[in-house]
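Coordinate inspection notes
Next come the chains, spelled out residue by residue.
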Amino acid sequence: MSILGGFKILEFNEADAQEVLLLAVSFAAKIAGDLGAEVVKVEPPLGERIRRLPVLPDEKIDSDRGVLFEFLNTSKKSVALDLEKPGETDRLRQLAEKADVIITGSDRFDDLVRDDMAGGSRSVVKVRAFPHNSEYRDSPAAEISILALSGLMDLIGNPGREPLMLGGRQASFSSGYAAFTGLMAALASHRWQGRGDLITLDMLSVMTWVNWKAVAGSKFGLSLTREGSLAEWPVVPCKDGYVALVYGFDKDFGNLIGVVDDERLAGPKFSDFQSRADNRQEYINILTEWSRDKTKQEIYELMQGRRVPCGPVLTPRDLIGDPQYKEAAFIAQVPAASGKTLPLPKVPMQLNGQGFNPTAAPDLNSAGEEFC
């Protein structure tokens, strides 16, 4: 199944590109590949360094394809070029000229955005860490620095302590989604207007966009900051893990009382938002007494029955075995290095009820001589 079949995408980063750019560009190109585009990834002679970057506890990479590389590079081909050698830069240029879109963290291809006499237009989607006019534009970038500068870290953690970093690589992958949006805009322009476009984005602006509530609220003197244990929406322990409960409105708390059925919660101490804030730890202790001997699923079903928003804190193993995902075949078993398979999530959408099956990440220089 293919949405982007027939389109050719070239993915390129300089050998010394910052890790956050490698991740964002790879993620955008991965989505295009999983949706059927022909994606060729250009790598240094020894391969992109993400190939050898461990991300799991005790991960031992006995090949050139670690788990992170496997995930970010499904449905692609690989070409290895040594741009220090004569002729290899020309070969890179030839590959770029065959592509419909080049996605990159490099400035090498800006001049390729043109309409030539043969109608062979191409677009460039260029990702930077920081805005080109920013004081940080030439600074080294890392996931934590982008999250800190975007204001997002001011939302995470307890107010009496230092901010916390979001888990995973949220800045890199959110920027990858944004870059894929730019890539689709370029393909639309290419198909319907017959022209190439230069589309630029930077990771700091993407994450500031994600954090729009804090930016908008500042106009009115309002600020979202770290609430930590003061947040009204607690995470409570249960028999097999944790459950997050949401009851921001009085009606939600009233429904919660109907589930827990403890007369202490119905008292004046918890009658409105402010009184609950003043006595927060007391009612959380009551909820914890109630939740400890119940499973996540039991609590979820009870809360859903009374329309109380509730989210069991699922582990990755829970997700792999989730009945809904099994029914939708959302977790694909993708061939990986050394004859193994990896359970990887598919692109999170369907076409006429069908998902998109990713294929294996490429061995180094597996595309051969041609951009097929």
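Here the structure is shown first, and the text comes after it.
Residues numbered from 1 in each chain as written. Predicted model: local features only at pLDDT ≥ 70, side-chain atom pairs only at ≥ 80, totals over all residues. Heavy atoms only, no water.

Quick look at the sheet that holds strand β5 (residues 123-128)
For clarity, the threshold we go by: Criterion used throughout: strands pair if DSSP finds at least two bridges between them. The helix and strand labels rest on DSSP assignments: H or I over at least four residues marks a helix, E over at least two residues marks a strand, and numbering proceeds from the N terminus. The convention used is that axes are lines fitted to C-alpha atoms, helices contributing only their stretch in contact, and that angles between N-to-C directions extend from 0 to 180 degrees. Any two residues whose heavy atoms approach within 4.5 Å are treated as being in contact.
Taken together, six strands build an open sheet; the order of strands is β3-β2-β1-β4-β5-β6 and the sheet is parallel. Where the open sheet ends on each side, the last strands, each with one partner, are β3 (76-80) and β6 (198-202). Sheet twist, expressed as the mean angle between neighbouring strand axes with direction ignored, is 20°. Looking at chain direction, strand β1 (residues 8-12) and strand β2 (residues 38-43) are connected through five bridges and run parallel. What sits directly across from I9, in β2, is V39. The sheet contacts of helix α3 (residues 88-98) involve β1, β2, β3 and β4 (101-104), and relative to β1 the element is tilted by about 145°.

With respect to the packing of aromatic side chains
Here is the rule: Under the pairing criterion, centres of Phe, Tyr and Trp rings, with the six-membered ring standing for Trp, must be within 6.5 Å; the plane angle then separates stacked pairs below 30 degrees from edge-to-face pairs above 60, leaving the rest tilted. Think of it in three bands: with a 1.4 Å probe and only protein chains considered, a residue is buried below 20% of the maximum accessible area for its type, exposed above 50%, and partly exposed in between.
Considering all chains together, one arrives at nine aromatic pairs under this definition. Between the aromatic rings of F27 and F173, the centroid separation amounts to 4.9 Å while the plane-to-plane angle is 40°, which identifies the pairing as tilted. Here F27, found in helix α1 (residues 19-34), pairs with F173, found in helix α5 (residues 170-193); they are 146 residues apart in sequence, far enough to count as distant. On the accessibility criterion, F27 (6% relative accessible area) is buried. Relative accessible area serves as the criterion here: at 21%, F173 is assigned to the partly exposed category. On the numbers, 5.6 Å between centres and 75° between planes, the contact of F253 with Y283 is edge-to-face.

Quick word on the layout of surface pockets
Under the convention used in this document: Definitions used throughout: a 1 Å grid over protein atoms alone; a cavity as a set of points that fits a 1.4 Å probe which cannot get out; a pocket as an open set with protein on both sides within 12 Å along at least five of seven lines; a lining residue as one with an atom within 4 Å of a point. Grid points are joined across faces, edges and corners, and a volume is the space filled by probe spheres set on the points. Three classes are used: nonpolar for Ala, Val, Leu, Ile, Met, Phe, Trp, Tyr, Cys and Pro, charged for Asp, Glu, Lys and Arg, and polar for all others, with Gly counted as polar.
Considering only enclosed or pocket space, the largest pocket measures out at about 1,100 Å³ in volume. What lines the largest pocket is a set of 32 residues, and nearest its centre among them are F71, F173, P343, L344 and P345. Put simply, the parts of the chain that give the lining of the largest pocket at least two residues each are α1, α2 (67-72), α5, α12 (316-320) and β11 (341-345). Looking at side-chain class alone, the lining of the largest pocket contains 24 nonpolar, three polar and five charged residues.

Overview of unusual backbone geometry
The backbone phi angle of D58 is positive, close to 65°, even though this residue is not glycine. Along the chain, the position of D58 falls in the loop between β2 and α2. Relative accessible area serves as the criterion here: at 70%, D58 is assigned to the exposed category. Located in the positive-phi region is R307, a residue other than glycine, with phi close to 60°. Positionally, R307 belongs in the loop between α11 (296-305) and β9 (310-312). Judged by relative accessible area, which is 70%, R307 ranks as exposed.

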